[in-house]
Amino acid sequence: MTKHKSVLLKETIRNLSIIGTGAYVDLTLGGGGHSLAILNELQKGATLVVFDLDMRAIENFVDLINVVGTDNIKNEVKESKQATAEKNGVNIIIVNRNFNELEDVLSSAKIDKVDGIIADLGWSSDQLGGIEGLSYMNLNEELDMRFNKSDGLKAKDLLNAFGKNELKKMFERYADLRGNQNEIIVNEIIKRREKNSFEKVGELTAIVEENSINLHVRNVNQMHSRVFQSLRIAVNNEIENLRLMLESSLRTMNENAKLEIITFHSTEEKVVKNFVEENKLNLTGGDNGYISPLVEELLINKRARSAKLWVINK
Ligand SMILES: C[S@@+](CC[C@H](N)C(=O)[O-])C[C@H]1O[C@@H](n2cnc3c(N)ncnc32)[C@H](O)[C@@H]1O
């Protein structure tokens, strides 16, 4: 069962203007909250395509939709990265691939254009403890953070190899860590690795804890979150994936389709805003171009604090 509380759920569904018989894509299935809400609005003949890199999110969703043959569906996704299911006449395509492969998946399913696409970026609450090195709480874990264990550098590799400027840019871009705080953390990382290279989560959290006075941090955990967030984004190539995903989403949208992106930090926001400007698209939600969660949601879901929903039209 999922612990993940969907962010901006009502706002996302309301602004998607769902056509009951249309084709919709949820690029980030996670705990399945957004997908289930879309599924609720769909009628016989409609299509829902769901993506997640994490097989556990897929298995959880297959259980949630509660259709005949759940084990067969799960096994098929494990073997072929994809399977189909049917619920109340809606065709559901379940995909265990990176969301930047959207066009490939749609063309092999013979879907030319879609009526709406949503992406709720980042990682779900369920994943924090499940991916090695992703949580700052698990001090003895290896600093890995790779979602896909078969390729790419680990978080410890970046920490041990990046030059001073690369480290500074990473913390600034992916966690808005600037000025003295950025300088202190980077200098301490470099000082530490001159003696011993980074291996474990606790070695990185110690840097924030031992320097908390100089860093002027009121909430040490918040600082851990920001440091770990920047490494996670760098390790998993999240910004490049976002760019690719936005471009391919645009190519698959019907004339009146909506593309909804939920962002959690300024670098993601910048990528979305540039994409909208470069392609002369329209943002239709809220006064600043995006929709923020209501106070009621902020009170019950910490993760919603930095969330922004961008509703993009052609
Ligand atoms: C914030 S969660 C989504 C939560 C979901 N909207 C809900 O209501 O529960 C983001 C999900 O996207 C997945 N994800 C992140 N990057 C991905 C990528 N490049 N391709 C496919 N899935 C990705 C993560 O595994 C995670 O499960």
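Residues numbered from 1 in each chain as written. Predicted model: local features only at pLDDT ≥ 70, side-chain atom pairs only at ≥ 80, totals over all residues. Heavy atoms only, no water.

Chemist: Please explain the overall build of the protein as it appears in this structure.
Modeler: A count of helical and extended segments in the protein gives 14 helices and 8 strands. Along the first, second and third principal axes, the C-alpha atoms of the protein reach 60 × 45 × 35 Å. When each of the 314 residues of the protein is scored for burial, the buried share is 53%. Total accessible area on the protein stands at roughly 15200 Å², and carbon and sulfur atoms take up 45% of it. (Helix = DSSP H or I, 4+ residues; strand = E, 2+ residues; numbered from the N terminus. Buried < 20%, exposed > 50% of the residue type's maximum accessible area, 1.4 Å probe, protein only. Areas by Shrake-Rupley, 256 points an atom, 1.4 Å probe, with all protein chains shown as cover.)

Chemist: I would appreciate a short explanation of the sheet that holds strand E6 (residues 253-263) in the present structure.
Modeler: Hydrogen bonding along the main chain pairs the strands of a sheet, whether they run parallel or antiparallel. Strand order across the open sheet formed by 8 strands is E3-E4-E2-E1-E5-E6-E8-E7, with mixed pairing between neighbours. With one partner strand each, in any of the chains shown, strand E3 (82-87) and strand E7 (282-283) form the two edges of the open sheet. The strands that helix H2 (residues 33-41) touches are strand E1 (23-26), strand E2 (47-51), E3, strand E4 (90-95), strand E5 (114-120) and E6; relative to E2, the one it contacts most, it runs at about 175°. Strands E6, E7 and strand E8 (308-313) of the sheet are contacted by helix H13 (residues 266-278), whose axis makes an angle of about 15° with E8. (Pairing = 2+ DSSP bridges. Contact = heavy atoms within 4.5 Å. Axes fitted to C-alpha atoms, helices over the stretch in contact; angles between N-to-C directions.)

Chemist: Looking at this structure, I do not really get helix H9 (residues 201-210). What am I missing?
Modeler: Helical geometry note: an α-helix holds 3.6 residues per turn, so side chains three or four residues apart project in the same direction. Within H9 the residues assigned to the buried category are Val-201, Leu-204, Thr-205, Ala-206, Ile-207 and Val-208. Next to the buried residues of H9 lie helix H6 (155-161), helix H8 (179-195), helix H10 (212-215) and helix H11 (220-235).

Chemist: Help me out: how do you make sense of a positive patch on the surface in this one?
Modeler: Among the surface-exposed residues, Lys-169, Arg-173, Lys-270 and Lys-273 lie close enough to one another that they form a single positively charged patch. If you list the elements that add at least two residues to the positive patch, you get helix H7 (164-175) and H13. Note on placement: Lys-273 falls in helix H13. Note on Lys-273: relative accessible area 40%, which makes it partly exposed. (Patch = residues over 30% accessible without salt bridge, like charges linked within 9 Å, V, L, I, M, F, W, Y side chains within 5 Å. Salt bridge = Lys/Arg side-chain N within 4 Å of Asp/Glu carboxyl O. Lys, Arg positive; Asp, Glu negative; His and termini not counted. Charge placed at Lys NZ, Arg CZ, Asp CG, Glu CD.)

Chemist: I would appreciate a short explanation of the site of the ligand in the present structure.
Modeler: Around the ligand, the surrounding shell holds 23 residues, and the nearest of these are Ser-6, His-34, Asp-52, Asp-120 and Gln-127. At a separation of 3.5 Å, a nitrogen atom of the ligand approaches a polar backbone atom of Thr-28. The backbone of Gly-32 places a nitrogen or oxygen atom 3.4 Å from an oxygen atom of the ligand. Within the complex, 97% of the 600 Å² of free accessible area of the ligand lies under protein. The class makeup of the residues in the shell around the ligand is 6 nonpolar, 12 polar and 5 charged. (Near = heavy atom within 4 Å. Polar contact = N/O pair within 3.5 Å; in protein donor to acceptor, adjacent residues only side chain to side chain. Nonpolar A, V, L, I, M, F, W, Y, C, P; charged D, E, K, R; others polar.)

Chemist: So what exactly am I meant to see when it comes to the pattern of salt bridges here?
Modeler: Two side chains bearing opposite charge may form a pair once their charged atoms approach each other closely. In this structure the tally under the stated criterion is 19 salt bridges. Between Glu-183 and Lys-168 there is a salt bridge; the shortest N-O distance is 2.8 Å. Here Glu-183 is found in helix H8, whereas its partner Lys-168 is found in helix H7, with 15 residues between them in sequence. Glu-183 gets classed as partly exposed once you look at its relative accessible area, which sits at 27%. Owing to a relative accessible area of 24%, Lys-168 belongs among the partly exposed residues under this scheme. One salt bridge connects Glu-172 with Arg-178, and the closest N-O pair in it is separated by 3.2 Å. Overall, Glu-172 belongs to the partly exposed group, its relative accessible area being 36%.

Chemist: How should the domain arrangement of the protein be read in this particular structure?
Modeler: One frequently used descriptor of interface size is the decrease in accessible area upon assembly of the parts. Parsing the protein into structural domains produces domain 1 (9-126 + 238-313) and domain 2 (149-235). For the pair domain 1 and domain 2, the summed buried surface comes to about 620 Å²; carbon and sulfur atoms form 42% of the total. On the domain 1 side of the contact with domain 2, Glu-238, His-265 and Thr-267 bury the most area, a combined 56% of that side's loss. For the pair domain 1 and domain 2, the number of links is 1 salt bridge. The closest approach of N and O atoms between Arg-232 and Glu-238, which form a salt bridge, is 2.9 Å. Here domain 1 is connected to domain 2 by 4 residue pairs in polar contact (both at pLDDT 80 or more). Going through the elements one at a time, helix H12 (238-252) and H13 are the ones with two or more residues in the side of domain 1 that touches domain 2. By residue class, the composition of the side of domain 1 that touches domain 2 is 2 nonpolar, 4 polar and 1 charged. (Domains from an automatic or database assignment. Buried area = accessible area lost by both parts, 1.4 Å probe.)

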